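# Observations on chain architecture
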Amino acid sequence: MVRPLSPRPLPPVVLMLLLLLLPPSPLPLAAGDPHPTESRLMNSCLQARRKCQADPTCSAAYHHLDSCTSSVSTPLPSEEPSVPADCLEAAQQLRNSSLIGCMCHRRMKNQVACLDIYWTVHRARSLDSDLCLKFAMLCTLNDKCDRLRKAYGEACSGPHCQRHVCLRQLLTFFEKAAEPHAQGLLLCPCAPNDRGCGERRRNTIAPSCALPPVAPNCLELRRLCFSDPLCRSRLVDFQTHCHPMDILGTCATEQSRCLRAYLGLIGTAMTPNFVSNVNTSVALSCTCRGSGNLQEECEQLEGFFSHNPCLTEAIAAKMRFHSHLFSQDWPHPTFAVTAHQNENPAVRPQPWVPSLFSCTLPLILLLSLW
């Protein structure tokens, strides 16, 4: 048994989150046999299901997961992250089951039944794949972050929200919340095509209230910003530290300073945000229509947010960092190293090394934030 790191016990929600951060086993696909039978498949989902039925705990967990929904609702910032706790508990109970890693073949008998089992398990594994949800949980577990987040969530909610109050609370959150929490909430990575995760990320700043209902001219937005000393200094700071030196994304200063300057604009008249749920493009909520002779100047201002290689690469680098903290499942440059190791058995790591590495980083992060 692992000894506690401190005499203060971790709450059950933290322990559950730590368990959910453990990397799941891969889902192999059967191949090579044009006419496979269930008995000739290693760990087919049908075989794994029968084995699970023989274990009352496994069988009950599987039946419960079969009734769970396959997605997690997107809460407002003032609400707790909406995760079906009973579904997460059932998913945890199956992590050591032979169902994890079971496979189906396109030509096997009872293919429909096999795939039904496979996707039930797959949906269970997807319940804890939303990293934006995990960062929201980490904020909830921290008293200061949770208090600040709920404050702007309440100010920015409702059909009659007051935009200036909402912006003031947003400004307070990004000024006072610890940087790992603030950047984790706003710059959390999402798996490709995970629109729920992307929606959670885009809604972090409550855009329905924080952004103007009708997009103004970008130069008018800048004029409003210049009339406020704080906004003016934040914009100058952003233009200084996020100034691109080349098309490759090199910044005039460090990427970290660019990101701090970018987050410093949130809550001002120049509040930017992600433009959609499916990518990481950001922009101001403004337009250059009707700029007349100042069209080029307006487009340069707008492009400093939407087509800025320095800002784009800084955001991408931070998201890669966040994804590496929590997951080893998504493709990243280390796969090139893995391919080289597979070709050269002498440098192939022991099988426990990646699991230990991927478990230790989230543990260190959670304990440091706690």
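Whatever comes next refers back to the structure up there.
Residues numbered from 1 in each chain as written. Predicted model: local features only at pLDDT ≥ 70, side-chain atom pairs only at ≥ 80, totals over all residues. Heavy atoms only, no water.

### Here we look at the overall build of the protein
A tally of helices and strands in the protein yields 18 helices and two strands. In the protein, which comprises 370 residues, the proportion classed as buried is 44%. Restricting the contact set of the protein to residue pairs at least 6 apart, pairs at least 24 apart contribute 74%. Of the roughly 19,900 Å² that the protein leaves accessible, carbon and sulfur atoms contribute 57%. (Helix = DSSP H or I, 4+ residues; strand = E, 2+ residues; numbered from the N terminus. Buried < 20%, exposed > 50% of the residue type's maximum accessible area, 1.4 Å probe, protein only. Contact = heavy atoms within 4.5 Å. Areas by Shrake-Rupley, 256 points an atom, 1.4 Å probe, with all protein chains shown as cover.)

### So, the nonpolar core
Formed by 52 residues in total, the largest nonpolar core has its most connected members in Leu170, Phe173, Phe174, Leu186, Phe238 and Met270. Counting residues in each nonpolar core, the second largest holds 19 residues, with Leu65, Leu94, Ile100 and Cys102 among its members. (Core = buried A, V, L, I, M, F, W, Y, C linked by side-chain atoms within 4.5 Å.)

### What about helix 9 (residues 179–186)?
The α-helix advances 3.6 residues per turn, and as a result positions three or four apart in sequence lie on the same side. Counting buried residues in helix 9 gives six out of eight residues, a clear majority hidden from the surface. Every buried residue belonging to helix 9 is among His181, Ala182, Gln183, Gly184, Leu185 and Leu186, and all of these are buried.

### A short note on unusual backbone geometry
Positive phi, close to 50°, is recorded for Ala206, a residue that is not glycine. Secondary-structure assignment places Ala206 in the loop between helix 10 (195–202) and helix 11 (207–210).

### Description of the side chain of His241
Checked against the element boundaries, His241 lands in helix 13 (residues 229–241). Of the residues examined, His241 reaches a relative accessible area of 8% and is grouped as buried. Of note is the side chain of His241, whose polar atom sits 3.3 Å from the side chain of Arg257. (Polar contact = N/O pair within 3.5 Å; in protein donor to acceptor, adjacent residues only side chain to side chain.)

### Here's the deal with the pattern of salt bridges
Applying the stated rule across the entire model yields seven salt bridges. Between Lys150 and Asp146 there is a salt bridge, with its nearest N and O atoms 3.5 Å apart. Here Lys150 and its partner Asp146 are both found in helix 7 (residues 143–155), four residues apart, which amounts to about one turn of the helix. Judged by relative accessible area, which is 27%, Lys150 ranks as partly exposed. Relative accessible area serves as the criterion here: at 14%, Asp146 is assigned to the buried category. Taking the shortest distance from any N to any O, the salt bridge between Arg260 and Glu179 comes out at 2.7 Å. In this pair, Arg260 sits in helix 14 (residues 255–264) while Glu179 sits in helix 9, placing the two residues 81 residues apart along the sequence. Residue classification places Arg260 among the partly exposed residues on the basis of a relative accessible area of 42%. Judged by its relative accessible area of 35%, Glu179 falls in the partly exposed class. (Salt bridge = Lys/Arg side-chain N within 4 Å of Asp/Glu carboxyl O.)

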